[in-house]
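# A structural walkthrough
The chain contents come next:
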Amino acid sequence: MDLQLRDRAVLITGASSGIGLATARLLAQEGVRLALCARDEERLRAATADLAERTEIVTAACDVTDRADVESFVTEATARLGGLDGVVCNAGRSLMSTIDDTTDQQIRDEFELKIFGALHVVRAARPALAASDAGSVVIVNAILSRQPESRLAVTAAARAGLLNLSHSLAADLAADGIRVNSVLLGLVDTGQWQRRYAESGSPDDFTEWSAEIARDRGIAARRFGTAEELAFPITTLLSPRNSYTTGATLEVGGGVHRYV
Ligand code: NDP
């Protein structure tokens, strides 16, 4: 099936590893021209060097919590790619902590990352997306946004705010013909979890260690997802073929259901 993405321009935040990188790879295969950012530009360039053989790419160091940084990245991306058709707000991480062991500053930082990490990008990209005939935003969020966990208390609250905000953005940006959808993740084997595995000192290999966590969290598939398994739904939401899908939340969590 032709996803009608060839030669379109898509910007992805947090593209140097995990889900952002896997999405960049899949979009490059579809002939999409890409603007990619992360804070560590050297790591970003190394991770995406091979993509330049397939498609046109713009890479830049950009912290999504810094409005000026984001505006300058979006301006450069729009100029070099001749516009933007899609944005994937993916950059981020989780803060593993309970309310009791989180400082006020950590809480502020977490909300800053989740809310402004998407909002700065959407605001800066809005004129370019409005000029496209298929403007689309995909916000990478988590099932946690609907189901809090005490060990991720602050992240869960910030994600709930982001999910709520994504619905408002879908309603507001519809006037400009821009679709806004969220992909809610369960547990995905990426840099975040590889770091946690290394810190755990577990004698098990990663597959056994992560399968135990998946069982503990009630994931029907009994394993973590892969970044590639997230890249496909993100890509299809960007496709102009999904033209009537906006304000939607797509859960990709291996069959975890804690509510109906
Ligand atoms: P990775 O750690 O593999 O990748 C995160 C990417 O985001 C990196 O490119 C990182 O690069 C970048 N990044 C982090 N902070 C910033 C920032 N402030 N500004 C710009 N770039 C930033 O993580 P995942 O692929 O797992 O995560 C992707 C998204 O999915 C994140 O938002 C994460 O919170 C979310 N998620 C992941 C889950 C999982 O199980 N993996 C579960 C639920 C949600 P650099 O450090 O150089 O900036």
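See above for the structure.
Described in the following lines is the structure provided in the data block. Please read all numbers here as calculations on a predicted model, not as lab measurements.

What counts and what doesn't
Residues numbered from 1 in each chain as written. Predicted model: local features only at pLDDT ≥ 70, side-chain atom pairs only at ≥ 80, totals over all residues. Heavy atoms only, no water. Near = heavy atom within 4 Å. Polar contact = N/O pair within 3.5 Å; in protein donor to acceptor, adjacent residues only side chain to side chain. Areas by Shrake-Rupley, 256 points an atom, 1.4 Å probe, with all protein chains shown as cover. Helix = DSSP H or I, 4+ residues; strand = E, 2+ residues; numbered from the N terminus. Domains from an automatic or database assignment. Salt bridge = Lys/Arg side-chain N within 4 Å of Asp/Glu carboxyl O. Buried < 20%, exposed > 50% of the residue type's maximum accessible area, 1.4 Å probe, protein only.

### What about the site of the ligand?
Lining the immediate surroundings of the ligand are 30 residues, of which Ser16, Ser17, Arg39, Asn90 and Thr190 lie closest. Glycine 14 has a polar backbone atom sitting 3.4 Å from an oxygen atom of the ligand. Take serine 16: an N or O atom from its side chain is 2.6 Å from an oxygen atom of the ligand. Compared with its free state, where it exposes 880 Å², the ligand has 94% of that area covered by protein. Contributing elements (two or more residues each) for the shell around the ligand: helix 1 (18-29), strand 5 (136-142) and helix 6 (191-200). Counting residues per element, the shell around the ligand draws most heavily on helix 6, at four residues. Residue-level mapping places the shell around the ligand at the junction of two domains, with at least three residues from each of domain 1 (9-186 + 227-248) and domain 2 (190-224).

### Regarding the pattern of salt bridges
Enumeration over the complete set of coordinates arrives at 15 salt bridges. The shortest N-O distance in the salt bridge between glutamate 110 and lysine 114 comes to 2.6 Å. Placement of the pair is glutamate 110 and lysine 114 together in helix 4 (residues 104-131), with a separation of four residues, close to one helical turn. Residues glutamate 110 and lysine 114 agree in their burial class; the two are buried. The partner of aspartate 176 in a salt bridge is arginine 126, and the shortest N-O contact between them spans 2.6 Å. Here arginine 126 lies in helix 4 and aspartate 176 lies in the loop between helix 5 (153-173) and strand 6 (179-185), a separation of 50 residues in the sequence. The class of aspartate 176 is partly exposed, set by a relative accessible area of 27%. Given a relative accessible area of 29%, arginine 126 falls into the partly exposed group. When salt bridges with common partners are traced through the structure, they connect Arg8, Asp85 and Asp133 into a single cluster.

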